[in-house]
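Read off the chains here:
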Protein chains: 2
Amino acid sequence: MADILHRVGVEDSTPQQVYDALTTLDGLSGWWAEKTTGDTDVGGVIEVRFGPGGIDMRVAELDPGRLVRWDVVGGSEEWIGTSVQFDIRQDGDWTIVLFRHEGWREPVEFMHHCSTKWGTFLMSLKELVETGTGAPDPRDVRVSDWH
Amino acid sequence: MADILHRVGVEDSTPQQVYDALTTLDGLSGWWAEKTTGDTDVGGVIEVRFGPGGIDMRVAELDPGRLVRWDVVGGSEEWIGTSVQFDIRQDGDWTIVLFRHEGWREPVEFMHHCSTKWGTFLMSLKELVETGTGAPDPRDVRVSDWH
């Protein structure tokens, strides 16, 4: 098993603001993918659509201002059965986000790609909360031929 | 043991250009840290300096246009004994870089931070080769309170 890890800090923000960006369709479509639909409550399924493909995630756990956890239930084969977790905390003027996408069966090349993309999407989350504007798909940062 | 993985693609470039950016002081100081000194041949030690701290890496393996591997021999305690590897290949108009920073003893919070920073530095490498200008320390992209 292998994990993708990241850490970003959102300046002059509160954990609640970051939590809102992770748990509302408005927030998710502002930093991850404009085409995000579904139910963001625990047990609901969030549908994120990128161009031709997409990901479906069941909301597994929510602790307001502290934790968000999704189980991936649809999308690319490598993602099915993995989980995505955000741990959020205040640290002075910063909101710290510890990110983990865990449960990959093998460290395949697609996992390398997803790690870099998650980094740019978390920077997009940071920008959304700091400035009001993120870079969600289809305006996301291109990292390679795989987009 | 845990690894940091990334994948970037450098458009309209050759593996040799990316290899040069990884194996010359000029290249390294153009995308990673302006204060880079040392010996970039196999067995040599490259010294990368960020503000107060830094990293020393022994060049463990070089395969021109294909592979660069460094063993970390100095710097923060968590990095000592880890290795950094770049696998490079041509894929159409793109040069694909598969990155691995392996051998972390524990997935500590600093590892989360380094994963995000590596992502931004690899984007800086991509920009350097594509445009001639990267974002090395101290002009690097800030991701959090830890910089």
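The following paragraphs examine the structure supplied in this document. (Residues numbered from 1 in each chain as written. Chains lettered and ligands numbered in written order. Predicted model: local features only at pLDDT ≥ 70, side-chain atom pairs only at ≥ 80, totals over all residues. Heavy atoms only, no water.)

### Quick look at the environment of Ile88 of chain A
Moving on, step 1. Mapping Ile88 of chain A onto the fold places it in strand β6 (residues 83–91).
Moving on, step 2. Spatially, the C-alpha atoms of Ile88 of chain A and Gln17 of chain A are 10 Å apart, while their sequence positions differ by 71 residues. (Helix = DSSP H or I, 4+ residues; strand = E, 2+ residues; numbered from the N terminus.)

### A short note on the pattern of salt bridges
Moving on, step 1. A complete count under the given rule lists 20 salt bridges over all chains for this structure.
Moving on, step 2. Here Arg89 of chain A makes a salt bridge to Glu109 of chain B, at a shortest N to O gap of 2.9 Å. On the criterion of chain membership, the pair formed by Arg89 of chain A in strand β6 and Glu109 of chain B in helix α3 (residues 109–131) is interchain, its members lying in two chains.
Moving on, step 3. Arg89 of chain A gets classed as partly exposed once you look at its relative accessible area, which sits at 32%.
Moving on, step 4. When its relative accessible area of 23% is taken as the criterion, Glu109 of chain B is described as partly exposed.
Moving on, step 5. In this structure, the salt-bridge partner of Asp56 of chain B is Arg49 of chain B, at a minimum N-O distance of 2.9 Å.
Moving on, step 6. Arg49 of chain B sits in the partly exposed class, given a relative accessible area of 31%.
Moving on, step 7. Ionic contacts of the salt-bridge type, sharing partners, join the residues Arg7, Arg89 and Asp91 of chain A together with Glu109 and Asp145 of chain B into one network. (Salt bridge = Lys/Arg side-chain N within 4 Å of Asp/Glu carboxyl O. Buried < 20%, exposed > 50% of the residue type's maximum accessible area, 1.4 Å probe, protein only.)

### Observations regarding the interface of chain A and chain B
Moving on, step 1. Every contact between the two is made by 27 residues of chain A and, on the other side, 27 residues of chain B.
Moving on, step 2. Interface area for chain A against chain B, summed over the two sides, is near 2,400 Å², with a carbon-plus-sulfur share of 59%.
Moving on, step 3. Considering only the side of chain A, the residues that lose the most area to chain B are Leu5, Arg7 and His112 of chain A, jointly responsible for 29% of the buried surface there.
Moving on, step 4. Taken together, the links from chain A to chain B amount to six salt bridges.
Moving on, step 5. Linking Arg7 of chain B and Asp145 of chain A is a salt bridge whose minimum nitrogen-to-oxygen distance equals 3.0 Å.
Moving on, step 6. At the junction of chain A and chain B, the tally comes to 18 residue pairs in polar contact (both at pLDDT 80 or more).
Moving on, step 7. Of all elements in the fold, only β1 (2–11), β6, β7 (94–104) and α3 (109–131) of chain A reach the threshold of two or more residues within the side of chain A that touches chain B.
Moving on, step 8. With eight residues, α3 of chain A is the single largest residue contributor to the side of chain A that touches chain B.
Moving on, step 9. Its residues assigned to classes, the side of chain A that touches chain B comprises 12 nonpolar, seven polar and eight charged. (Contact = heavy atoms within 4.5 Å. Buried area = accessible area lost by both parts, 1.4 Å probe. Polar contact = N/O pair within 3.5 Å; in protein donor to acceptor, adjacent residues only side chain to side chain. Nonpolar A, V, L, I, M, F, W, Y, C, P; charged D, E, K, R; others polar.)

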